[in-house]
Amino acid sequence: MTRVKICGLMEEQHVKAASQADAIGFVFAPSKRRVSIERAQELSRLANNDMQRIGVFVNASYEEIEKAVKAVPLTMVQLHGDEPDELIQRIEVPVIQAFSIRTPDDVEKLNNSIADYILVDAPGTDYRGGSGHVFDWSLLENVNLDHSRLILAGGLNRDNVRAAISQTAPFMVDVSSGVETDGRKDEAKIQQFILQAKGDSMERTQEKTIDPVGFFGRYGGQFVPETLMKAVKELEAAYEDAKNDDEFQKEYHHYLSEYVGREQPLTFAARMTEAWGGPKIYLKREDLNHTGAHKVNNAIGQALLAQRMGKRKIVAETGAGQHGVATATICALFDLDCVVFMGEEDIKRQQLNVFRMKLLGARVESVTKGSGTLKDAVNEALRYWVTNVEDTHYLIGSALGPHPFPTMVRDFQSVIGKETKRQILDKEGRLPDAIVACVGGGSNAIGMFHPFVDDEKVRLIGAEAAGEGVDTERHAATLTKGSEGVLHGAMMKILQDDAGQVQEAHSISAGLDYPGIGPEHAHLADNGRVTYEAITDDEALASVIEMSRLEGIIPALESAHAIAQAKKQAQSMTADELLVICVSGRGDKDMATYAEKLEGLS
Amino acid sequence: MKRLAELKQAGHKAFVAYIMAGDGGIKKLGEQIQYLQERGVTAIEVGIPFSDPVADGPTIEAAGNRALDEGITLEKVLDEMQRFDFEVKVPLVIMTYLNPVIRFGAERFTQEAKKAGASGVIIPDLPFEHRQLIEPFAKQQELVLIQLVTLTTIDSRLEEILKEAQGFVYAVTVTGITGSRDELAEEVGAFTRKVRELSPVPVYAGFGISKESHVDMLRDDVDGFIVGSAIVQAFHEGRIEDIEPLIDAVTAPHSV
Ligand SMILES: Cc1ncc(COP(=O)(O)O)c(C=O)c1O
């Protein structure tokens, strides 16, 4: 994304208005925008830590420049005069060298600059340092120029900056007079310029909001009603604190091993390997967790955190009922009050889990609104939380919701990926070539993937639900078919119509039947680190049978999506490669569906 | 919106009516606005239906679903408002969840809302932290972005929000979602008093206001009242006259 520099700042309120920019500039050369070093120092204090502070000079001495660099302090220096290369070389911080562009010959000169960045401007009039006039941007097209060091200036304003960016693809745009009214900076113009330069309103949140914490690229944030802001902020602080507390971590791991039964094996699937005829297949066995799925890893972490915050009432949503069961279980263990919202439709198809929750002492509330599935259950859980926020913790079940939930849930689920990494290194002495996990909201997948994200050689593949097919109306393929939008407290990818109404999702698997995907996955999809494929109901069912018969492991319907995708993946892999599948849960809960759908099975 | 400040100076209380645009068909929108302004309401919030209205209780959610069944969209509402053939005499404020705005385009939304005669925008799931997504565009069109403050808003945050408040401040009088209530909590009076002391603009109480007893309880501590669910339900059931005593209770001159 193109960076933005607001130059020639002289007043406090303008520095603040530029808080969403990437750089601010102070002019130390003769100009009507000139400031003293002391003034620049004062103004600089108002800017964010990660803001670049750039000093603009015209034929100043090395001593003058160094003095300003140290005092303000400046993070970059911009030179507009006839500074010799020796001077540029001596300056310790990165240097921007400015050039006026009139003719194609001027463009040629740019490549000879030894500066870190080159700034191109229209020829100045009264004094050097830019005139506010536009030069012919097309001069920069089709010439041999490194655009990653290009800074575009000269006559930019909120109306032309987008066109300028698309024509010249610069590293940064630089504006001064274009955000002024009657010779003075204008706060609204500054903000509008930044918005325009950074693309549509949403792209603006990318990497940079007032509080960049809680965003994955452009996704995430805290889009909740004001009543919840206090709780969300408190949770953010409490989690930050707990995360770095050894005692908390010790307790969490204690329950994972003593109660959940971790660590879970990474099982070599010999018969599947043989049947598929490709890579060696390993299964990460989250199905062996107490309560039958990965969900409990997160439920324990959050329940411990809730108690640390003095909250003894828990509300949760559930789709397949696995998260509801995990939450009800942990609430029984810790003697916490538990309400679980579950869609009417899901209650029908996950009867066994409903009964388990009740047996464990939880109150299960049926949600009849909308499609009566997970989305509607989250809505009701959020409403319940808004109303009972002072003493209740919302124990969200996937890597969704307002910050800090997506990060926190990911961290608690990362135990899956960390164990897998250790185990595969033990067994094979190297990392796997590919890993497949199913994605509903995305918690088992992000927990599995996160420890491998920086290992670029490991291919990461998410399997989402194609329902009856991505070209039908009945699917839950958010990454294949969705677009960005705000739902349940976060900017993420959702299935929606042209008017921004969220659509109903469809999947045979209750746990994948959700029209959104958590913010971190949305980001990983955009940047290409993880690829996402859609698996139909029928493909998933076929995989249930295949794995049951080949390995004696009956997978959950959700996990079966990962298995079906892995089978496709295996086709293009060779015998010396390694493929890991996250078996997120076991199939007990789905037995009624299996009995019905697989009737006549011989 | 200036009118709201003047009203406050004159010592009158404001009555802000919330309606669900397109509940009963898009043609109802103009009729309802005309009716309400004739009945002397101070301003009208035009609600846009949304599939997942997590800040709303059953009454407004049901109204929204009816409107969605009529095919109502943000775009249709703004179009309809641009075609009104009567004089709109009171400030209109668009109340919408964020996602339809993002889908429509923030800049386009503010432009069209302006053309539609709106004076302000309320977005309940756009917190103060993320207001930059909309505010610069709203400013460009001279629309105010109304902020909400609630019983759970901590003091330091309250000050920050109120410092920048424009138009009016929406003081949420329940810890919960929209919908009629029998009683308001005791602490609400202290809360609205505090908000009013800090706020540069009028402070209106909303969420749960549905009875004259609520108005009596808070009259001295707010500059006006916002009534939603009670009005939406009365329009739906064809008995809007029932609301008139409530409007009068708020707007009638009151001896102190
Ligand atoms: C066994 C199992 N796997 C996967 C999921 C999908 O959730 P997530 O994408 O958060 O892992 C669920 C949800 O209920 C589940 O029960």
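Residues numbered from 1 in each chain as written. Chains lettered and ligands numbered in written order. Predicted model: local features only at pLDDT ≥ 70, side-chain atom pairs only at ≥ 80, totals over all residues. Heavy atoms only, no water.

Some remarks on the sheet that holds strand β6 (residues 117-121) of chain A
Adjacent strands of a sheet form backbone hydrogen bonds with each other and so pair up, either parallel or antiparallel.
All names here are of chain A.
Right, on to step 1. In spatial order, the strands read β1-β2-β3-β4-β5-β6-β7-β8; together these eight strands close into a barrel with parallel pairing. Pairs of neighbouring strands in the sheet enclose a mean axial angle of 25°, with direction left out of account.
Right, on to step 2. The pairing of strand β2 (residues 23-27) with strand β3 (residues 52-57) spans five bridges and is parallel. Note that in β3 the partner of Val 27 across the bridge is Val 56.
Right, on to step 3. In the packing of helix α7 (residues 187-197) onto the sheet, contacts are made with β1 (3-7) and β8 (172-175), and the angle to β1 comes to roughly 160°. (Pairing = 2+ DSSP bridges. Helix = DSSP H or I, 4+ residues; strand = E, 2+ residues; numbered from the N terminus. Axes fitted to C-alpha atoms, helices over the stretch in contact; angles between N-to-C directions. Contact = heavy atoms within 4.5 Å.)

Focus: the packing of helix α12 (residues 322-334) of chain A against helix α14 (residues 351-359) of chain A
All names here are of chain A.
Right, on to step 1. Look at α12 against α14: their axes get within 9 Å of each other, and the N-to-C directions meet at 15°. Here α12 is positioned roughly parallel relative to α14, judged by the angle of their axes. Between α12 and α14 lies a crossing whose hand is left-handed. On α14, the residues touching Gln 322, Gly 324, Val 325 and Ala 328 of α12 are Asn 353, Arg 356 and Met 357.
Right, on to step 2. Residue classes in the contact of α12 with α14 are distributed as three nonpolar, three polar and one charged. (Parallel < 35°, antiparallel > 145°, perpendicular 65-115°, else oblique. Left-handed = near helix turned anticlockwise from the far one by under 90°. Nonpolar A, V, L, I, M, F, W, Y, C, P; charged D, E, K, R; others polar.)

Comments concerning the pairing of strand β2 (residues 43-47) of chain B
Residue and element names in this part refer to chain B.
Right, on to step 1. The buried count for β2 comes to five of five residues, which makes it a mostly enclosed element.
Right, on to step 2. Here β2 shows no split at all, with Ala 43, Glu 45 and Gly 47 on one side and Ile 44 and Val 46 on the other all buried.
Right, on to step 3. As paired elements, strand β1 (residues 14-20) and β2 share five bridges and run parallel to each other. Of the residues in β2, the one forming a bridge with Ile 19 is Val 46.
Right, on to step 4. Regarding topology, helix α2 (residues 27-38) serves as the crossover connection from β1 to the parallel β2, and that connection is right-handed. (Buried < 20%, exposed > 50% of the residue type's maximum accessible area, 1.4 Å probe, protein only. Right-handed = clockwise from strand over helix to strand, strands pointing away.)

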